Amino acid sequence: MKHIIIDCDPGIDDALALLLAAGSPSLRVLAVTTVAGNRPVATTAVNGRKIMDLAGQRQVPVYAGAALPLGYAEARCNLVHGEDGLGGVDVGAASPVQDGHAANRLIELLLEHPPHTIELVATAPLTNLALAESLSPGILRRARRLLIMGGALRFPGNITPAAEFNFYADPIAAGMVLAAGANTVLFPLDVTSSAIMTPAWIDSFLQLGSACGRAAAGMLQAYAELDPLLHDACPVAHLLDETLFTGEPCRVEVDWRPGPTAGHALAWFGEQVGAAHPPNVLAMTAVRNDALLALVRGAIATLP
């Protein structure tokens, strides 16, 4: 069994990643930590709690984290997922979110467990991870891996021509985390752009006849009109079946400077990687989409 922490900003595709993890017996979710991103952190924390409650995972603690990105006076949120972050779908009430800051709890969990035994999944702006690294230098290297959804390497950004949303929302944090020396697997838009939901697949969740199935169908129907891609499910799916993905080592550095290229992920590949630019991530570049869709649906089919 793999022990994981999911740092997220639910968000519909984050919600699907949480449901995928909750429906996978080979994963034990130690905690869900949330950050400002798709919506303000007060909303993302409640949404994370709602989704875990819906999935029958009330024992998994949820912690709210950073309300602002590093170096910015306001959160860079969006409305792709609706005002409530879940497409206006009623997924039920939430039990209380735990006390304490997500960054502190990340540090505690990574210190409480032996080195290289926790898989840390990040599907949001990387503020919480950067704060943890600032407070306890070297802490991210205690994770077995960081599995990060973020960046656009050979692919155009989805917020600006240069930047993907998670890196754009906190470019300073993204740069700090990629420079932390942790064992990092990156899922940029280059691969998530091929993780495509189909209308038939979304509708199939209604056939499950479960609360989670109905919620997934409702959320995804709202989301797919704007962005029919399973961005945030990819890192969790990789934990379950690495053969779904193809990747290559590369060097990635993030432009943190204010301006039109803020959040741009500059990548060195192939022969460009070397002593001057040593690899710091394994970047996923392709996915077997049909198998990914089957995996996600199969896991959610086990939930109440």
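Numbers given to residues run from 1 along each chain, matching the order in which its sequence is written. Residue-level local features of this predicted model are given only where pLDDT is at least 70; pairs of side-chain atoms are given and counted only at 80 or more, and the full residue set underlies all totals for whole chains, interfaces and linings. Side-chain metrics rest on all non-hydrogen atoms present in the structure, leaving aside hydrogens and water.

As a further point, take the side chain of Asn 38. In DSSP terms, a helix is any run of H or I states spanning at least four residues, a strand is any run of E spanning at least two, and both are numbered starting from the N terminus. By the secondary structure assignment, Asn 38 is in the loop between β2 (27-34) and α2 (41-54). Think of a polar contact as two N or O atoms within 3.5 Å of one another; within protein, one of them needs to be a possible hydrogen donor and the other a possible acceptor, and neighboring residues in sequence only count if both atoms come from side chains. A polar contact is formed between the side chain of Asn 38 and the side chain of Asp 14, at a distance of 3.0 Å. With near-sequence residues (within four places) excluded, Asn 38 lies in contact with Asp 9, Gly 11, Asp 13, Asp 14, Cys 77, Asn 78, His 81 and Phe 165. By definition, residues are in contact when any of their heavy atoms lie within 4.5 Å.

Now for the packing of helix α3 (residues 102-112) against helix α4 (residues 127-135). Helix axes are fitted to C-alpha atoms over the stretch in contact, other axes to C-alpha atoms as well, and angles between N-to-C directions run from 0 to 180 degrees. Axis separation between α3 and α4 bottoms out at 8 Å; the angle between their running directions is 60°. It follows from the interaxial angle that α3 and α4 lie oblique. Note on packing geometry: the crossing formed by α3 with α4 is right-handed. Contact residues: α3 offers Ala 102, Ala 103, Asn 104, Leu 106 and Ile 107, while α4 offers Asn 128, Leu 129, Leu 131, Ala 132 and Leu 135. With respect to orientation, any angle under 35 degrees is reported as roughly parallel, any angle over 145 as roughly antiparallel, any angle of 65 to 115 as roughly perpendicular, and every other angle as oblique. Throughout, a crossing is termed right-handed when the near helix is turned clockwise from the far one, and left-handed when it is turned anticlockwise from it by less than a right angle.

On to the packing of aromatic side chains, then. Only rings of Phe, Tyr and Trp enter the pairing, Trp through its six-membered ring, and a pair is recorded when the two centres are within 6.5 Å. The plane angle decides the type: under 30 degrees is stacked, over 60 is edge-to-face, the rest tilted. Counting across every chain of the model gives two aromatic pairs. An angle of 80° between the planes, with centres 5.4 Å apart, marks the rings of Phe 187 and Phe 245 as edge-to-face. Highlighted residues: Phe 187 in strand β6 (residues 184-187) and Phe 245 in strand β7 (residues 245-254), separated in sequence by 58 residues. Aromatic pair Trp 201 and Phe 205: ring centres 4.9 Å apart, planes at 85°, arrangement edge-to-face. The classification of residues rests on relative accessible area computed with a 1.4 Å probe and restricted to protein chains. Under 20% of the type maximum is buried, over 50% is exposed, and intermediate values are partly exposed. Exposure remark for Trp 201: the relative accessible area of 7% places this residue in the buried category. Assessed through its relative accessible area of 0%, Phe 205 is described here as buried. The ring of Tyr 168 carries the charged tip of Arg 76 above its face, separated from the ring centre by 4.2 Å. For a lysine, the NZ atom is tested; for an arginine, the CZ atom; a charge sits over a ring if that atom is within 6 Å of the ring centre and within 35 degrees of the ring normal. Over the face of the ring belonging to Phe 269 we find Arg 154, whose NZ or CZ atom lies 3.6 Å from the ring centre.

What follows concerns the sheet that holds strand β1 (residues 2-8). Strand pairing follows a simple DSSP-based rule, namely that at least 2 bridges must link the two strands. Taken in spatial order, the nine strands of this open sheet run β3-β2-β1-β4-β5-β6-β9-β7-β8, and their pairing is mixed. Where the open sheet ends on each side, the last strands, each with one partner, are β3 (62-64) and β8 (265-268). Neighbour-to-neighbour, the strand axes of this sheet turn through a mean angle of 30°, independent of strand direction. Bridging between strand β5 (residues 145-149) and β6 involves four bridges; their strand directions are parallel. Within the sheet, the bridge partner assigned to Met 149 lies in β6 and is Phe 187. Helix α6 (residues 171-178) rests against β5, β6, β7 and β9 (281-287) of the sheet, and its axis sits at about 115° to β7. Along the sheet face, helix α10 (residues 233-240) touches β1, β2, β4 (118-122), β5, β6, β7 and β9 and points at about 145° away from the line of β5.

A few words on the nonpolar core. Residues Trp 201, Met 219, Leu 230, Phe 245 and Leu 292 are the most contacted members of the largest nonpolar core, which totals 58 residues. No other element matches the nine residues that helix α1 (residues 12-22) contributes to this core. With residues near it in sequence (within four places) discarded, Leu 292 still touches Ala 195, Leu 230, Cys 234, Ala 237, Leu 244 and Val 287. Judged by nonpolar contacts, the second largest core, of 39 residues, contains Leu 120, Ala 132, Ile 148 and Val 254. The definition of a nonpolar core used throughout is a set of buried Ala, Val, Leu, Ile, Met, Phe, Trp, Tyr and Cys residues joined through side-chain atoms within 4.5 Å.

Salt bridge, as used here, is a side-chain nitrogen of Lys or Arg placed within 4 Å of a carboxyl oxygen of Asp or Glu. Counted according to the given criterion, the structure contains 11 salt bridges. Put simply, Asp 53 and Arg 49 hold a salt bridge, and the shortest N to O gap is 2.9 Å. Taken together, the residues span about one helical turn, with Asp 53 and Arg 49 both in helix α2 at a distance of four residues. Since its relative accessible area comes to 0%, Arg 49 is described here as buried. One salt-bridge network, held together by shared partners, links Glu 119, Arg 144, Arg 145 and Glu 242.

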